[in-house]
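# Close look at the chain arrangement
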Amino acid sequence: MIIVLAAIASAIFMGINIGGNNAAASMGAAYGAKARTKKQAVTLIAIFSLLGAVISGGDVIETLGKGIVPGNTITLTAAIIAITAAALSIFIGNVLKVPVSASQSTVGAIIGIGIFFGVLDIQLITQIAGWWIVTPALAFILAYLSGKYIHPKVLLWLIDHESEAQIRKTIAKLLTVTGCYVAYSAGANNAANAVGPLVGAGFMDQTTGSIVGGIALGVGAILIGGRVLQTVGTEITELCTIRAVFIEAIAAIIVHAASYSGIPVALGQIVPAAVIGIGCANEGINTIRNGTVKRIVVMWVASPLIAGLIAYSAISLIS
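As the structure is a prediction and not an experimental result, all values here were calculated from the model.

Cut-off values and rules
- Residues numbered from 1 in each chain as written.
- Predicted model: local features only at pLDDT ≥ 70, side-chain atom pairs only at ≥ 80, totals over all residues.
- Heavy atoms only, no water.
- Phe/Tyr/Trp six-rings, centres within 6.5 Å; stacked < 30°, edge-to-face > 60°.
- Helix = DSSP H or I, 4+ residues; strand = E, 2+ residues; numbered from the N terminus.
- Buried < 20%, exposed > 50% of the residue type's maximum accessible area, 1.4 Å probe, protein only.
- Axes fitted to C-alpha atoms, helices over the stretch in contact; angles between N-to-C directions.
- Parallel < 35°, antiparallel > 145°, perpendicular 65-115°, else oblique.
- Left-handed = near helix turned anticlockwise from the far one by under 90°.
- Contact = heavy atoms within 4.5 Å.
- Nonpolar A, V, L, I, M, F, W, Y, C, P; charged D, E, K, R; others polar.
- Core = buried A, V, L, I, M, F, W, Y, C linked by side-chain atoms within 4.5 Å.
- Patch = residues over 30% accessible without salt bridge, like charges linked within 9 Å, V, L, I, M, F, W, Y side chains within 5 Å.
- Areas by Shrake-Rupley, 256 points an atom, 1.4 Å probe, with all protein chains shown as cover.
- Salt bridge = Lys/Arg side-chain N within 4 Å of Asp/Glu carboxyl O.
- 1 Å grid on protein atoms, 1.4 Å probe; cavity = no way out; pocket = protein on both sides within 12 Å on 5 of 7 lines; lining within 4 Å.
- Points joined across faces, edges and corners; volume = space filled by probe spheres on them.

This next bit is on the packing of aromatic side chains. Tallying each qualifying case throughout the model produces four aromatic pairs. Both rings, one in phenylalanine 116 and one in phenylalanine 117, keep their centres 5.3 Å apart while their planes meet at 80°; by these two values the pair is edge-to-face. Between phenylalanine 116 and tyrosine 312, the aromatic rings sit 6.2 Å apart at their centres with planes inclined by 70°, giving edge-to-face as the arrangement. Here phenylalanine 116, found in helix α6 (residues 102-117), pairs with tyrosine 312, found in helix α12 (residues 290-318); they are 196 residues apart in sequence, far enough to count as distant. For tyrosine 312, a relative accessible area of 36% translates into the label partly exposed.

Structure follows, in structure tokens:
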């Protein structure tokens, strides 16, 4: 009974921390552009993260549950250790108000378990690592190009064809659509980080895992999402509403594509990379607040290493 409670508690703790960090970061652009309040942002995140987890979260759950380390290798105890280790890594990011990657923390923890048991799918890990390198770079490039060449033309067209009131109304609608799409994609990709190892250990099935993970993400966004929202939205660069639309659309498309392929990607890297890209395009590198960016980069590197070390140390001690 104790181990069952521990499994449920670890999944909920992980989901809440993911919701407070990566899912909340998904609407940082709109918050920074003052298109949504914190309350509006975290409420939309909670609803659409749950929908994304339940409808589209199964493929990534399968990858984290049985792909990196064979499902018959991970015991329930090992799954609890992996989730808790990853959650602690993300919790550190939440305390520091820095967006970190739930996927990288979870994969790092699972790799730590796999190293202990001597069983890892190196080919799959290499594939995932490739996505981690390509996706933030792609987000940066697309955001930079959008900010440099598309944003000015869109702005001029709106000024020529719409009144100021109508422009605000149109952009607000676009931000609602793109923001909900980001939250949906975040739920589809990140619910697996909370429950994937438990599914792999046979503790729950994919459907139950999607629901549990989605609910936990939503609760985390509501309870603690405002902290990282502040960092991404206001402490990297200045954002206007049109740029926020570009950032949200780019992030959502990239994350949704990865979820469809069953790959856990780093939303906590993709969104800030897009924010940095569009900031560089419009104002130059000097507008980027280097102190904030350095903190983010340090945690990107440290979080999977911390999770892997905790997981390996814990499973070694218990065994």
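Take the packing of helix α5 (residues 76-95) against helix α8 (residues 164-200) next. Two elements in contact, α5 and α8, have axes whose closest approach is 8 Å; the angle formed by their N-to-C orientations is 170°. As far as their axial angle goes, α8 and α5 are roughly antiparallel. The way α5 lies across α8 gives a crossing that is right-handed. Within the contact between the two elements, α5 uses Leu76, Ala79, Ile80, Ala82 and Ile83 and α8 uses Ala194, Pro197 and Leu198. Class assignment of the residues belonging to the contact of α5 with α8 gives a composition of eight nonpolar, no polar and no charged.

Our next topic: the nonpolar core. Nonpolar side chains in soluble globular proteins tend to end up buried together. One finds Met14, Ile18, Ala109, Ile113 and Leu198 to be the most contacted residues of the largest nonpolar core, which totals 37 residues. Those elements giving two or more residues to this core turn out to be α1 (2-25), α4 (58-67), α5, α6, α8 and α12. Examining the composition of this core, we find that 11 residues originate from one element, α5, more than from any other. With 30 residues, the next largest nonpolar core counts Leu124, Ile128, Val245 and Ala273 among its residues.

Further remarks concern a nonpolar patch on the surface. Residues Ile47, Leu50, Leu51, Val54, Ile55, Ile211, Ile215, Val219, Ile222 and Leu223 make up a contiguous nonpolar surface patch of roughly 860 Å² in combined accessible area. Among the secondary structure elements, valine 219 is positioned in helix α9 (residues 206-234).

Right, let's talk about the layout of surface pockets for a bit. Roughly 190 Å³ of volume is contained in the largest pocket. Along the wall of the largest pocket there are 13 residues; nearest its centre are Ile167, Arg168, Ile171, Thr241 and Ile242. Within the residue set of the lining of the largest pocket, elements represented by two or more residues are α7 (122-161), α8 and α10 (241-260). Tallying contributions element by element places α8 first for the lining of the largest pocket, with six residues. Of the residues in the lining of the largest pocket, the class split is eight nonpolar, two polar and three charged. By volume, the second largest pocket is sized at about 170 Å³. Val107, Gly108, Ile111, Gly112 and Pro304 are the residues nearest the centre of the second largest pocket, which is lined by 15 residues in total. Secondary structure elements with two or more residues in the lining of the second largest pocket: α6, α7 and α12.

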